Amino acid sequence: MKRNWSLTTRLSVIFAGVMMSAWLLSSVLLVAALSSYFRHQDAALLTGKLELATELLESEADSGQPDSASLARKVADAMVGHSGLYLSIKTSDNRLLADYSSPGFPLPYGRFASEAAYPDTMQTVEDEGWRYNVIVRKISAQKTGGQHDVLITAAYDTGFHDEFISQLKKWLIWFNGGLMFISVLLGWFVTRMGLKPLNELNRLASAVTINNLSKRLPARNLPAELMATVAEFNSMLERLEKSFRRLSEFSSDIAHELRTPVSNLMMQTQVALSRDRDAASYREVLFSNLEELSRLARMSSDMLFLAKSENGLMILEKQNVSLHEELEELIDFFEPLAGENHKTLKLKGDALVRGDRLMLRRALSNLITNAIKYSLPGSAISVSAEHNSDRAFVHISNHTEDIAPESLGRLFDRFYRGDASRQHNTDGAGLGLSITRSILLAHEGDLQVAVNDNVITFTAIMPATEGP
């Protein structure tokens, strides 16, 4: 089974890996730099000795009669004080003119039998576990005044340098091993300190429960990387709190709304069963129960419609809809109802929208019904449609009684029907405006309300369209 590593462990390993990679690279570069430095130093030393031997050889040639013994003394005097150094001068037919070997030089004289293979370029030679840097220079017979060319060989023992590099590598191995251990501990400590705000957020988040959604995570003194996360988390908590509050209120409201018809049904049924009655009495009770059951059926249907709307399950059959034609038909339908209380409906304007004709008709019907129910007797109800840019507006205005500001903001809540006097004024369930707003939202529109001098205006906003 795959193991889930903690964030602290992952960051600690990554931190240690980065540190070790950096130090290993530095160690490799250090060793390479020192090796290159020692090699250049050896090359400079050997080149200097070759120059000196060349001058000595040419000075002997200028004297007229080169003397091997004199040349050997001069070479020995020039090389005094150098360790690990070897120098030889011999002719191309392998006749030795002079040579010098520092005390303790590991190879005997003349051991470099293949000097001719290294013409004036420093090469590294290994022999019996020893390593040397060797340069061979060829001097022509014309410059030496002899019959044969002369080969000058300079060699330097690299044992001291090699020993130093070897010890440095061992020290770096131990250093990097210790550094790995320190890097893991340091990475763990730094990660724990860096993740302390996140651990604190986890502790606070665990305290958030369904009964305690009002808590918010503190946004102060947080790293910049966590600011956006905390802000989004707090925003999510706020949305959840509002949703749970609405759900709680809805549960309470629906229980209240269902209690009345259920109580009426139970009471009427109990009264009917309390004694024997004739068929007409039972028929009257059944008709009364049917009214209550119809009310429950309408409420259930409306609640199902709202649930589908809020979860995006409504299927819209969109088509071009003339608002003037739809409003005109609705006004003709509702004029008898308005005329009972001497109310009049006035229509003006037009706009073309694209949407589901039946749903838009239901939304507009709810608004007109609401205006007829709650307008003052004998008043006029104004219905107007207009087209502005890419939006269409339907304004429905009517005179009404005083509305408290706190009630105005709750008109679109489910089961809300304003003050107590309004509740007795209608047998509705208080879902009409909620349904209307959900229909408009499904059409990418909205529903707004405003009150000015006891004139309340509902404005339905919908996307407008052009053309037939």
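The rules we used
Residues numbered from 1 in each chain as written. Predicted model: local features only at pLDDT ≥ 70, side-chain atom pairs only at ≥ 80, totals over all residues. Heavy atoms only, no water. Helix = DSSP H or I, 4+ residues; strand = E, 2+ residues; numbered from the N terminus. Buried < 20%, exposed > 50% of the residue type's maximum accessible area, 1.4 Å probe, protein only. Lys, Arg positive; Asp, Glu negative; His and termini not counted. Salt bridge = Lys/Arg side-chain N within 4 Å of Asp/Glu carboxyl O. Polar contact = N/O pair within 3.5 Å; in protein donor to acceptor, adjacent residues only side chain to side chain. Contact = heavy atoms within 4.5 Å. 1 Å grid on protein atoms, 1.4 Å probe; cavity = no way out; pocket = protein on both sides within 12 Å on 5 of 7 lines; lining within 4 Å. Points joined across faces, edges and corners; volume = space filled by probe spheres on them. Nonpolar A, V, L, I, M, F, W, Y, C, P; charged D, E, K, R; others polar. Patch = residues over 30% accessible without salt bridge, like charges linked within 9 Å, V, L, I, M, F, W, Y side chains within 5 Å. Areas by Shrake-Rupley, 256 points an atom, 1.4 Å probe, with all protein chains shown as cover. Charge placed at Lys NZ, Arg CZ, Asp CG, Glu CD. Phe/Tyr/Trp six-rings, centres within 6.5 Å; stacked < 30°, edge-to-face > 60°. Pairing = 2+ DSSP bridges. Axes fitted to C-alpha atoms, helices over the stretch in contact; angles between N-to-C directions. Parallel < 35°, antiparallel > 145°, perpendicular 65-115°, else oblique. Core = buried A, V, L, I, M, F, W, Y, C linked by side-chain atoms within 4.5 Å.

Chemist: Outline the side chain of aspartate 356, listing residues and values.
Modeler: Mapped onto the secondary structure, aspartate 356 falls in strand E8 (residues 352–356). At 7.9 Å, arginine 357 is the nearest oppositely charged side chain to aspartate 356, a buried residue that forms no salt bridge. A distance of 2.9 Å separates the side chain of aspartate 356 from the backbone nitrogen of glutamate 317, its partner in a polar contact. Residue contacts for aspartate 356: discarding those within four places in its chain leaves Ile315, Leu316, Glu317, Lys318 and His443.

Chemist: So what's going on with empty space enclosed by the protein? Which residues, and what values?
Modeler: Inspection of the entire model under this criterion finds two cavities of 30 Å³ or more. Put simply, the second largest cavity is a space of about 30 Å³. At the level of elements, helix H9 (357–374), helix H12 (432–442) and strand E12 (455–463) are the ones that each hand at least two residues to the lining of the second largest cavity. In terms of residue count, H9 provides more of the lining of the second largest cavity than any other element does, four residues in total. Its residues placed into classes, the lining of the second largest cavity shows seven nonpolar, one polar and no charged.

Chemist: Give a description of a negative patch on the surface that names residues and reports values.
Modeler: Taken together, Glu325, Glu328, Asp332, Glu335 and Asp350 make up a surface patch of like negative charges. Looking at the secondary structure, you find glutamate 335 in helix H8 (residues 323–339).

Chemist: Give a description of the packing of aromatic side chains that names residues and reports values.
Modeler: Counting across every chain of the model gives five aromatic pairs. On the basis of an interplanar angle of 85° and a centroid distance of 5.1 Å, the ring pair of phenylalanine 333 and phenylalanine 334 is categorised as edge-to-face. Residue classification places phenylalanine 334 among the buried residues on the basis of a relative accessible area of 9%.

Chemist: Which residues make up a nonpolar patch on the surface, and what are the values?
Modeler: A contiguous nonpolar patch, built from Phe181, Ile182, Leu185, Leu186, Trp188, Phe189, Val190 and Met193 and spanning about 830 Å² of accessible area, is present on the exposed surface. Note that phenylalanine 189 resides in helix H4 (residues 159–194).

Chemist: Break down the pattern of salt bridges for me, citing the residues and quoting the values.
Modeler: Within this structure, the stated rule accounts for seven salt bridges. A salt bridge links arginine 131 to aspartate 162; the shortest N-O distance between them is 2.7 Å. Of this pair, arginine 131 sits in strand E4 (residues 130–139) while aspartate 162 sits in helix H4; the two residues are 31 residues apart in sequence, bridging distant segments of the chain. For arginine 131, a relative accessible area of 31% translates into the label partly exposed. The class of aspartate 162 is partly exposed, set by a relative accessible area of 28%. Here the salt bridges do not stand alone but share partners, grouping Glu326, Glu329, Arg357 and Arg361 into one network.

Chemist: An account of the environment of leucine 360 is needed here, citing residue identities and associated values.
Modeler: Tracing the backbone shows leucine 360 in helix H9. Exposure remark for leucine 360: the relative accessible area of 3% places this residue in the buried category. Between the C-alpha atoms of leucine 360 and leucine 440, which are 80 residues apart in sequence, the distance is 7.7 Å. In this structure leucine 360 touches Val321, Val353, Gly355, Ile439, His443 and Met462, once residues within four positions along its chain are discounted.

Chemist: Talk me through the sheet that holds strand E9 (residues 380–388); I want residue IDs and the actual numbers.
Modeler: The pairing of strands in a sheet happens through backbone hydrogen bonds and is either parallel or antiparallel. With mixed pairing, five strands are arranged side by side in an open sheet as E7-E9-E10-E12-E11. Each having just a single partner strand, strand E7 (344–349) and strand E11 (446–452) make up the two edges of the open sheet. Here the strands of the sheet are splayed against their neighbours by 15° on average, with no regard to which way each runs. Where strand E10 (residues 391–399) lies against E12, nine bridges are found, and the strand directions are antiparallel. Bridge pairing links arginine 391 to proline 463 in E12. Of the strands in this sheet, E7, E9, E10 and E12 are in contact with H8, which crosses E7 at around 170°. Contacts from H12 reach E11 and E12, with the element oriented near 130° to E11.

Chemist: Account for the packing of H4 against helix H5 (residues 196–206), with residues named and values stated.
Modeler: When two helices pack together, their arrangement is captured by the angle between the axes and the distance separating the axes. Running from N to C, H4 and H5 cross one another at 45°; their axes reach a closest spacing of 4 Å. Classified by the angle between their axes, H4 and H5 sit oblique to one another. For the pair formed by H4 and H5, the contact residues are Arg192, Met193 and Gly194 on the first element and Lys196, Pro197 and Asn199 on the second.

Chemist: Quick rundown of the nonpolar core? Include the residues and the values.
Modeler: Among the nonpolar cores identified, the biggest contains 31 residues, and Leu323, Val394, Ile396 and Met462 are the most heavily contacted of them. Elements that contribute at least two residues to this core include exactly H8, H9, E9, E10, H12 and E12. When neighbours within four sequence positions are excluded, methionine 462 is seen to be in contact with Leu323, Val353, Leu360, Asp390, Arg391, Ala392, Val394, Leu440 and Gly445. Core analysis: the second largest hydrophobic core is formed by 21 residues, Ala53, Val75, Leu97 and Ile135 among them.

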